[in-house]
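Given next are the chains, with one letter for each unit.
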Amino acid sequence: AQTVTQSQPEMSVQEAETVTLSCTYDTSENNYYLFWYKQPPSRQMILVIRQEAYKQQNATENRFSVNFQKAAKSFSLKISDSQLGDTAMYFCAFNVPYGNKLVFGAGTILRVKS
Amino acid sequence: DTGVSQNPRHKITKRGQNVTFRCDPISEHNRLYWYRQTLGQGPEFLTYFQNEAQLEKSRLLSDRFSAERPKGSFSTLEIQRTEQGDSAMYLCASSHGQGDYEQYFGPGTRLTVT
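Residues numbered from 1 in each chain as written. Chains lettered and ligands numbered in written order. Predicted model: local features only at pLDDT ≥ 70, side-chain atom pairs only at ≥ 80, totals over all residues. Heavy atoms only, no water.

Q: An account of the interface of chain B and chain A is requested, with residue identities and associated values reported.
A: Taken residue by residue, the interface counts 23 residues in chain B and 22 residues in chain A. Interface area, chain B with chain A, both sides summed: about 1800 Å², of which 48% is carbon and sulfur. Summed over the shared surface of chain B and chain A, the number is two salt bridges. Summed over the shared surface of chain B and chain A, the result is five residue pairs in polar contact (both at pLDDT 80 or more). Contributions of two or more residues to the side of chain B that touches chain A are made by strand S4 (31–37) and strand S5 (44–50) of chain B. Broken down by element, the side of chain B that touches chain A gets its largest block of residues, four residues, from S4(B). (Contact = heavy atoms within 4.5 Å. Buried area = accessible area lost by both parts, 1.4 Å probe. Salt bridge = Lys/Arg side-chain N within 4 Å of Asp/Glu carboxyl O. Polar contact = N/O pair within 3.5 Å; in protein donor to acceptor, adjacent residues only side chain to side chain. Helix = DSSP H or I, 4+ residues; strand = E, 2+ residues; numbered from the N terminus.)

Q: Break down the state of the cysteines for me, citing the residues and quoting the values.
A: All names here are of chain A. Counted according to the given criterion, the structure contains two disulfides over all chains. Two residues share a disulfide in this structure: Cys23 and Cys92, whose sulfurs sit 2.0 Å from each other. Across the S-S bond of Cys23 and Cys92 the torsion is about -70 degrees, and the bridge reads as left-handed. Note that Cys23 is positioned in the loop between strand S3 (19–21) and strand S4 (24–26) and Cys92 in strand S10 (residues 88–95), a separation of 69 residues in sequence. (Disulfide = S-S within 2.5 Å.)

Q: Outline the environment of Gln84(B), supporting the account with residue identities and numerical values.
A: Residue and element names in this part refer to chain B. Residue position: Gln84 is located in the loop between strand S8 (75–79) and strand S9 (88–95). Here Gln84 falls in the partly exposed class, since its relative accessible area comes to 49%. The spacing of Gln84 and Thr13 is 71 residues in sequence and 9.6 Å in space, taken between C-alpha atoms. Residue contacts for Gln84: discarding those within four places in its chain leaves Val113 and Thr114. (Buried < 20%, exposed > 50% of the residue type's maximum accessible area, 1.4 Å probe, protein only.)

Q: I'd like a rundown of the pattern of salt bridges, residues and numbers included.
A: In total, this model carries nine salt bridges over all chains according to the counting rule given. We note a salt bridge from Arg111(A) to Glu10(A), for which the minimum N-O separation is 2.7 Å. With Arg111(A) in strand S12 (residues 108–113) and Glu10(A) in strand S2 (residues 10–14), this residue pair connects regions lying 101 residues apart in the sequence. In this structure Glu10(A) comes out as partly exposed when scored by relative accessible area, which is 49%. Across the pair Glu102(B) and Arg50(A) runs a salt bridge whose closest N-O atoms are separated by 4.0 Å. With Glu102(B) in the loop between S9 and strand S10 (104–105) and Arg50(A) in strand S6 (residues 46–52), the pair connects residues from two separate chains. With a relative accessible area of 19%, Glu102(B) lands in the buried category. The structure contains a network of salt bridges with shared partners spanning Arg64(B), Glu83(B) and Asp86(B).

Here it is in structure tokens:
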């Protein structure tokens, strides 16, 4: 069974600074997908970024980038130039190519301060 | 594309009552998922439909829970004889495909059992 662990329950960052959220996972699969989802307060969850395990290059989406370390089973999210609108709960999630369900971590609450 | 919608957004019920939630996925998505999210935790998979067929159910889905997707469009999740432990946010998601396909989430239905 796959598990996803987010060891930081809460984080805070000053506006315009950079913050990194941690995620580790456990799986015996060789090919899989990793995701970061954002859940703003009282709003629906949206996909921030995804990474295919077979790709060595780390995914980047504007101010969001990941550091994917397959051997260490680590998948951290870096948010650059943090904005107030980045305040949200962030979930790391896992899926396999044939998979029909996402396996989520417990989440990290990120607060961006002005 | 109006996104995934869920109704009602909030439901308060007394223990022992039955409740039903509805999810309307993105129209061209043939896959539909239900997750449950308790306070401070990440979403946990409950069940999955491909078109009208329910193809996978979690062990979390006890006999008191039933889900349907009668015409492969909207879905309903019914909980019979509700218990206080059923209090949670129930999330619906839909996608084009499996694996790395993005799952689009609805706003959720928050259930409170008193």
